[in-house]
Amino acid sequence: FSAFLFLLVDIVFRYGCKVKEVSNLHKWFSWVFIAILTYSAFLFPTSVKADILGGWSSTTSLLAPISNQPAYSNETNVFSFGGSTTILFSSIYKSAVSSGGILSNWSSSASIPSPNYYHSLAASGGKVYILGGTTYSPQTSTNPVYVSSLDSSGDFTVWTGVNPLPARLSQGAAVAANGYIYF
């Protein structure tokens, strides 16, 4: 499985496109990524951690069984941004990571600008970018891009809209490298 994941990441870096040059390649990766997440959700129904030198073990689960949301870690905390169950979430959930890798109880720390799922996240230079996504009623892909950084309390409280994606996009993977965001 890790060899397969490595191959996908390698292909994204070799053939990925800048946000300004979006192609249909992101759709293929999105479906593969969703398949991997869906498969792993059935394998690991609770939050798990992997020690680089050891195996998997259970840790603290999210407050609700949320899916279709991106996550981020700044090494001291893990954050979950929005997502969905039968409703959309705009909450940002936060959990501290102990030195042994155990997550503390999750708490709601702030919110993203609008309820969203299938959105993507990229991080660079201490900033987190939320890109695109999907809303309900009607189910529509979106193109906004928001940026935030951790405030003095350790939360993402102020979000700023920046240049939107060139098209309404969701279910894609995003990554930041060398000053560019790839979607």
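This is a predicted model, so every value here is computed, not measured. (Residues numbered from 1 in each chain as written. Predicted model: local features only at pLDDT ≥ 70, side-chain atom pairs only at ≥ 80, totals over all residues. Heavy atoms only, no water.)

> Quick question: what am I supposed to make of the environment of Ser-109 here?
Following the sequence through the fold, Ser-109 ends up in strand 6 (residues 107-111). Measuring from C-alpha to C-alpha, the distance between Ser-109 and Ile-92 comes to 5.7 Å, with 17 residues separating the pair along the chain. In this structure, Ser-109 is in contact with Ile-92, Lys-94 and Asp-155, ignoring residues within four places of it in sequence. (Helix = DSSP H or I, 4+ residues; strand = E, 2+ residues; numbered from the N terminus. Contact = heavy atoms within 4.5 Å.)

> Is there a simple way to explain the sheet that holds strand 10 (residues 160-162) in this structure?
For sheets, the rule is that strands pair by backbone hydrogen bonds, running either parallel or antiparallel. Spatially, four strands are ordered 7-8-9-10 in an open sheet, and the strand pairing comes out antiparallel. With partners counted over all chains shown, the strands left at the sheet margins are strand 7 (120-124) and strand 10, one partner each. When strand polarity is set aside, the average angle formed by the axes of neighbouring strands in this sheet is 30 degrees. Across three bridges, strand 9 (residues 140-149) lies against strand 10 in antiparallel orientation. Bridging across to strand 10, Val-147 finds its partner in Thr-160. (Pairing = 2+ DSSP bridges. Axes fitted to C-alpha atoms, helices over the stretch in contact; angles between N-to-C directions.)

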